[in-house]
Amino acid sequence: MALLVLLVLVVVLSIVLLTALARRDAYFTMIVQDTTKFISVGESLKSILANVTGFKLSTALDLDNRQWLIPAKSEADWFGAFFRDARVVWFQKLLWKRLGIRFFGFLWPQVHVHWFDIRSMRTVKDPPPTNPDAPPPVRSRIVEVHPDNTRVNELRFMVPRPVYLEGIDLGEDNAKINLVLLPIYRQVIPALPVYTLQGNFFTLLDAAIEAAVVDFAASHRVAVYKALGPDGNENPKAGQFAADSIDQVPADERDLCEESPLTFALWLKLTKAGEGSPMERRLRNLNVSRRYLEDLRVKPGAEELVEYIEKSLIQGELTPIATERLRELIPSGIVPRFGFALVSYRLVAWEPHPDTKPLADALREKETNLHAAEGVRQKAYGERDAALAAATGQRAKYNLVDALIEKGVDANVAATVLREQIRTENVRDSKLNTWVEGGSGVTPVVPISGSPTSST
């Protein structure tokens, strides 16, 4: 009995000791869900510990011989990758499953959890209740975060990063807009932002996104209606927005449309965010360049990286990076440059730039007047249609007279029939409860349909 108690005491003390060591990152460590920790020998990377749901560290290496986080096929596949370089695997798996701790080496502190500095942290705040006639500038939605300590020992898998873009020029009418975007990035190459960029990757990502949005605003083409219709006559919809792009116009209507650079009026109609929106497709396809993907395809053993790119990181066919500024910032794409992939974004808010505000006000007034005029037109059309319907009904009565005469009925008799019909309708449509016919020996009392009957 005493031996059993002693054994239990040893086990409990061992668990307490292991947990205490793990909390101090000494020999053992704990890894928060959906984050990655890095183990260094001296100042060099030894291993990457990724506790990310559904993702594992690849066995394949990219063009710079770095491992990626790629989808795991199963939980067993994830466990196999997580303990790939571990010794006494069964014991390590037991510690992980029961205590959530991971052994990383006997030579602590020379072998240690790597700490790095995260710079320029931001968040988005909700808009304050304000006067709608004088809203605050959209820039106020972004708040710079200044924590007491920016040194961290883990890298998050999903990273939201708000960015303010001021004075973005649209392609056609020199209009400018201000945007607050919230891109969502996914960790792809864990070692790159931590060791190569030393944690200083946020400002570089901001610059790349700004250059990409500037390029999109200047080069994107929407579909608008042509000046002339298919019959050669003037098209009343000339210049109006038809679709986000010419390939989204139905095939049977494509001849009626043409491409146009963005103007402020067309920007108002454009789908600005959401799955499949033009800007998201453009930004997602900057994750890797076409040249980088082609080079990766021919690298032996990199098939799982190519598959991940094609299935998850890009949308549709890649096009060459267009502008010189983008080629300088992301020559091979966002992923090989920063180790993150842009997976989605949200348009938090936008506003016309002060230089464009008069144009925005004029367009708003124009739209208001157009809607008011449309309302007046629809009312007039309704009154016209009602009058035409009434006239058509009246005309049908006289058609009866013509039909009777054609059948040989005397014209006076036919006119009498019409007179009686009109008189009956007038009585029916009046508020009379009882209609009394006089002028004969018998006085019939005819109740009006739906009215109480009385007698005289």
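Just so it is clear, the model here is predicted, and its values are computed rather than measured. (Residues numbered from 1 in each chain as written. Predicted model: local features only at pLDDT ≥ 70, side-chain atom pairs only at ≥ 80, totals over all residues. Heavy atoms only, no water.)

Remarks on the overall build of the chain
For clarity, the threshold we go by: Helix and strand assignments come from DSSP, with helices taken as H or I runs of at least 4 residues and strands as E runs of at least 2, each series counted from the N terminus. Exposure is judged per residue with a 1.4 Å probe applied to protein chains only, and the accessible area is read against the type maximum: over 50% gives exposed, under 20% gives buried, and values in between give partly exposed. Whether two residues touch is decided by their heavy atoms; if any such pair falls within 4.5 Å, the residues are in contact. Only the protein chains shown count as cover for residues, with accessible areas throughout obtained via the Shrake-Rupley method and a probe of 1.4 Å.
Scanning the chain from N- to C-terminus turns up 13 helices and 21 strands. Sorting the 456 residues of the chain into buried and exposed places 38% on the buried side. Long-range contacts, defined here as pairs at least 24 residues apart, represent 65% of the contacts in the chain between residues at least 6 apart. Working note: accessible area of the chain is about 26200 Å², and carbon and sulfur atoms make up 56% of it.

Considering the layout of surface pockets
Cut-off, in case you're wondering: In this analysis the probe radius is 1.4 Å and the grid spacing 1 Å, with only protein atoms considered; a cavity is a set of points the probe fits into but cannot get out of, a pocket is an open set with protein on both sides within 12 Å along at least five of seven lines, and lining residues have an atom within 4 Å of a point. Grid points are joined across faces, edges and corners, and a volume is the space filled by probe spheres set on the points. Think of it as three bins: nonpolar holds Ala, Val, Leu, Ile, Met, Phe, Trp, Tyr, Cys and Pro, charged holds Asp, Glu, Lys and Arg, and polar takes everything else, Gly as well.
In this structure, the largest pocket encloses a volume near 660 Å³. Lining the largest pocket are 27 residues, with Lys-46, Asp-85, Ala-86, Arg-102 and Phe-104 sitting closest to its centre. The element that contributes the greatest number of residues to the lining of the largest pocket is strand β3 (residues 44–51), accounting for five residues. Here the lining of the largest pocket is composed, by residue class, of 18 nonpolar, four polar and five charged.

Some details on the sheet that holds strand β16 (residues 221–225)
Test applied: Here, a strand pair is defined by DSSP locating no fewer than two bridges between the strands. Helix axes use the C-alpha atoms of the stretch in contact, all axes being lines fitted to C-alpha atoms, and the angles between their N-to-C directions lie in the range 0 to 180 degrees.
Read across the open sheet, the three strands follow the order β17-β16-β18; overall the sheet is antiparallel. A strand with exactly one partner marks an edge of an open sheet, and here the two such strands are β17 (241–243) and β18 (257–261). The sheet shows a mean angle of 55° between the axes of neighbouring strands, taken without regard to direction. Pairing of β16 with β17, which is carried by two bridges, proceeds in the antiparallel orientation. When the sheet's bridge partners are listed, Ala-223 is paired in β17 with Ala-243.

Things to note about the packing of helix α8 (residues 290–297) against helix α9 (residues 303–313)
Selection criterion: The sense of a crossing depends on the near helix, which, turned anticlockwise from the far helix by less than a right angle, makes the crossing left-handed and, turned clockwise, makes it right-handed.
For the pair α8 and α9, the least separation of the axes is 9 Å and the interaxial angle reads 145°. Crossing handedness for the pair α8 and α9: left-handed. Packed against α8, whose contacting residues are Leu-293, Leu-296 and Arg-297, the element α9 presents Leu-305, Val-306, Ile-309 and Glu-310 at the interface.

Some thoughts on empty space enclosed by the protein
A full pass over the atoms with the stated rule returns one cavity of 30 Å³ or more. For the largest cavity, the full set of lining residues is Ile-48, Ala-50, Phe-55, Lys-56, Leu-57, Trp-78, Ala-81 and Phe-82. Elements represented by at least two residues in the lining of the largest cavity include exactly β3, β4 (55–57) and α2 (75–82). Here the residues of the lining of the largest cavity are counted per class, giving seven nonpolar, no polar and one charged.

Re helix α1 (residues 2–23)
Heads up, the rule is: Expected helix span is computed as 1.5 Å times (number of residues minus one).
Taking 1.5 Å of rise per residue, the 22 residues of α1 would be expected to cover 32 Å, and the 31 Å separating its terminal C-alpha atoms lies within 8% of that figure. Each element contacted by the buried residues of α1 is listed here: β1 (28–29) and α3 (89–99). One or two steps after α1, the chain reaches Asp-25, where phi turns positive at roughly 55°.

Comments concerning the environment of Gln-67
You can see Gln-67 is positioned in the loop between β4 and β5 (69–71). For the pair Gln-67 and Ile-48, spaced 19 residues apart in sequence, the C-alpha to C-alpha distance is 9.2 Å. The contact partners of Gln-67, leaving out residues within four places of it in the chain, are Leu-57, Ser-58, Ala-60, Leu-61, Arg-84, Val-188, Ile-189 and Pro-190.

With respect to the confidence of the model for the chain
For clarity, the threshold we go by: What pLDDT reports is the predictor's confidence in each residue, on a scale of 0 through 100.
Looking at the chain, the pLDDT average stands at 80 and 76% of residues meet or exceed 70. Counted against residues more than four places away or in other chains, residues 448–456, with its pLDDT under 50, gives 15 contacts.

A short note on the packing of aromatic side chains
The geometry of an aromatic ring pair comes down to the distance between the two centres and the angle between the two planes. Heads up, the rule is: Any pair of Phe, Tyr and Trp rings, taking the six-membered ring for Trp, is counted once the centres come within 6.5 Å. Such a pair is stacked with planes under 30 degrees apart, edge-to-face with planes over 60 apart, and tilted for the rest. As a reminder, the over-ring test applies to NZ of lysine and CZ of arginine, requiring each to be within 6 Å of the ring centre and within 35 degrees of the ring normal.
In total, this model carries 18 aromatic pairs according to the counting rule given. With 6.3 Å between their ring centres and 70° between their planes, Phe-55 and Tyr-308 make a pair best called edge-to-face. With a gap of 253 residues between them, Phe-55 in strand β4 and Tyr-308 in helix α9 connect regions that are remote in the sequence. Accessibility classification places Phe-55 together with Tyr-308 in one group, the buried group. Consider the rings of Trp-78 and Phe-79, whose centres lie 5.1 Å apart with planes at 80°: the pair is edge-to-face. With respect to burial, Trp-78 and Phe-79 carry one shared label: buried. Feature note: the residues Trp-78, Phe-79, Phe-82, Phe-83 and Trp-96 constitute an aromatic cluster, connected by ring pairs. Seen from the ring of Phe-79, Lys-97 lies directly overhead, with NZ or CZ sitting 5.2 Å from the centre.

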